[in-house]
Amino acid sequence: MTSAASGLVVALDGPGSSGKSSVGAAAALRLGYRFCDTGLLYRAVTWLALGRGIRLDGHEGAGPDPARLVALVAEIELVPDSDGRLAHVSVDGVDVTDAVHGPAVDEAVSAVSRVPELRTALLERQRAIAAEPGGIVMAGRDIGTVVLPDADLKIFLDASVEERARRRAEERAVDPDSQEGRYILAQLRRRDDLDSNRAVAPLRPAADAVHVVTDGNTFDQTVDAVVGAIRHAEAGVAASGGAG
Ligand code: C5P
């Protein structure tokens, strides 16, 4: 897809709280790659839908009205940080990155992201970002399977749901054994289940993905593993004379 000299296109998929966003952003910085957290797009649509009172369970469980969700996409913009990484999201010019990581969005986002029309509306945007010059690490659920099936490297970042829930609880300064900690675990299990079993673009490793399991790793160890996998792939592309 790319020549190693200009950087590779890397798909980084995995379940919630597997570290895709933070690890991917740190790895991209070390490699001089661009970065994009696609979960922000689904989160921002969900946040807007909740704020606008759009029913997400739909009529008699039919799901949200696709046209109303698709109409929200135009209001959302991914915003680069000082290193050019697309790790923030704004709605009508206001940065809502913190707001879209709240529990209400965590709970509702899977009902929104399973809507095929919305996924189609976001697909071209993600592909256009990947097609800009320079290597990129793009984090999500379906990057290696649907968004960028020709990525130079596909990484599936995983950890047990207990470990992921513990990390999420720590991020929020919550005791993992408290009632709130147990709620975080239950919510992650539910989101894993919904994201993995939806009809369109379910969360699943691409057949050719490199698996990186992070249980017991420090953050830096996981970044090292991801950077190592990308350098290894760069060397392979360089040795084969570049793919394009
Ligand atoms: O990665 P993050 O946990 O922020 O993603 C939030 C939600 O957005 C996921 O639970 C999933 O439902 C949806 N998502 C998706 N496809 C992506 C990225 C995120 O369906 N590429």
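Just so you know, these numbers come straight off a predicted model, no measurement behind them.

A. Examining the overall build of the protein chain more closely. Along the backbone of the protein chain there are nine helices and eight strands. Here the C-alpha atoms of the protein chain give a radius of gyration of 18 Å, agreeing with the 18 Å that 2.2 N^0.38 yields for 244 residues. Every one of the 244 residues in the protein chain was classed for burial, and the buried ones make up 50%. Here the analysis covers contacts within the protein chain between residues at least 6 apart in sequence; of these, 74% occur between residues at least 24 apart. For the protein chain, the accessible surface area stands at approximately 11000 Å², while carbon and sulfur atoms represent 54% of it. Across the protein chain, the 26 positively charged side chains and the 36 negatively charged ones have centroids separated by 2 Å.

B. The site of the ligand, seen in detail. Residues in contact with the ligand amount to 16 residues; listed here are only the nearest, Arg43, Ser113, Arg119, Arg191 and Asp195. Surface burial for the ligand is 98%, taken as the share of its 450 Å² of free accessible area covered by protein chains. Among the detected pockets, the ligand sits in the largest pocket. Counting residues per element, the ones that place at least two in the shell around the ligand are α2 (39-51), α4 (103-113) and α8 (179-197). Among the residues forming the shell around the ligand, the class breakdown is three nonpolar, five polar and eight charged.

C. Local environment of the packing of α2 against α4. Where α2 meets α4, the closest approach of the two axes is 9 Å, and the angle between their N-to-C directions is 105 degrees. By the criterion of interaxial angle, the relationship of α2 to α4 is roughly perpendicular. On α4, the residues that touch Tyr42, Arg43, Val45, Thr46, Trp47 and Leu50 of α2 are Ala104, Val105, Asp106, Ala108, Val109, Val112 and Ser113. The residue inventory of the contact of α2 with α4, partitioned by class, reads nine nonpolar, two polar and two charged.

D. Fine view of the packing of α2 against helix α5 (residues 116-131). Interaxial distance between α2 and α5 falls to 11 Å at its minimum, and their mutual angle equals 135 degrees. If you check the angle between α2 and α5, you find them oblique. Of the two possible hands of crossing, α2 and α5 adopt the one that is right-handed. Note on element contacts: α5 touches α2 through Leu118, Arg119, Leu122, Arg125 and Gln126, opposite Leu41, Tyr42 and Val45.

E. Region of interest: the nonpolar core. Counting residues in hydrophobic clusters, the biggest one holds 38 residues, and the most contacted among them are Val45, Ile76, Leu78, Val89, Leu118, Met138 and Leu148. Among the elements that make up this core, the one with the highest residue count is α2 (seven residues). In contact with leucine 118, other than residues within four places in its own chain, are Tyr42, Val45, Leu69, Val70, Val73 and Val112. Ranked by size, the runner-up nonpolar core spans 24 residues in total, among them Leu12, Ala28, Val137 and Val226.

F. Examining the environment of serine 160 more closely. Its place among the elements puts serine 160 in the loop between β7 (153-158) and α7 (161-171). Judged by its relative accessible area of 28%, serine 160 falls in the partly exposed class. Polar contacts involving the side chain of serine 160 include one to the side chain of aspartate 215, which spans 2.7 Å.

G. Region of interest: the layout of surface pockets. Computed from the structure, the largest pocket encloses a volume of approximately 910 Å³. Along the walls of the largest pocket sit 42 residues, with Ser21, Ser22, Asp37, His101 and Arg168 positioned nearest its centre. Counting only elements with at least two residues in the lining of the largest pocket, the list comes to α1 (20-31), β2 (34-37), α2, α4, α7, α8 and α9 (219-239). Element by element, the count of residues in the lining of the largest pocket is highest for α1, at five residues. Within this model, the second largest pocket holds a volume of roughly 160 Å³. Forming the walls of the second largest pocket are Pro103, Asp106, Glu107, Arg168, Arg172, Glu180, Tyr183, Ile184, Gln187, Leu188 and Arg191.

H. Quick look at unusual backbone geometry. The phi dihedral of serine 17 is positive, around 60 degrees, even though this residue is not glycine. Counting through the fold element by element, serine 17 comes out in the loop between β1 (9-13) and α1. Owing to a relative accessible area of 15%, serine 17 belongs among the buried residues under this scheme. Within the chain, aspartate 92 stands out as a residue other than glycine whose phi angle is a positive 50 degrees. For aspartate 92, a relative accessible area of 53% puts it in the exposed group.

Conventions and cut-offs
Residues numbered from 1 in each chain as written. Predicted model: local features only at pLDDT ≥ 70, side-chain atom pairs only at ≥ 80, totals over all residues. Heavy atoms only, no water. Helix = DSSP H or I, 4+ residues; strand = E, 2+ residues; numbered from the N terminus. Rg over C-alpha atoms; globule rule 2.2 N^0.38 Å. Buried < 20%, exposed > 50% of the residue type's maximum accessible area, 1.4 Å probe, protein only. Contact = heavy atoms within 4.5 Å. Areas by Shrake-Rupley, 256 points an atom, 1.4 Å probe, with all protein chains shown as cover. Lys, Arg positive; Asp, Glu negative; His and termini not counted. Charge placed at Lys NZ, Arg CZ, Asp CG, Glu CD. Near = heavy atom within 4 Å. 1 Å grid on protein atoms, 1.4 Å probe; cavity = no way out; pocket = protein on both sides within 12 Å on 5 of 7 lines; lining within 4 Å. Sits in = over half its atoms within 2 Å of the grid points. Nonpolar A, V, L, I, M, F, W, Y, C, P; charged D, E, K, R; others polar. Axes fitted to C-alpha atoms, helices over the stretch in contact; angles between N-to-C directions. Parallel < 35°, antiparallel > 145°, perpendicular 65-115°, else oblique. Left-handed = near helix turned anticlockwise from the far one by under 90°. Core = buried A, V, L, I, M, F, W, Y, C linked by side-chain atoms within 4.5 Å. Polar contact = N/O pair within 3.5 Å; in protein donor to acceptor, adjacent residues only side chain to side chain. Points joined across faces, edges and corners; volume = space filled by probe spheres on them.

The quantities given are spatial measurements derived from coordinates; they are silent on function.
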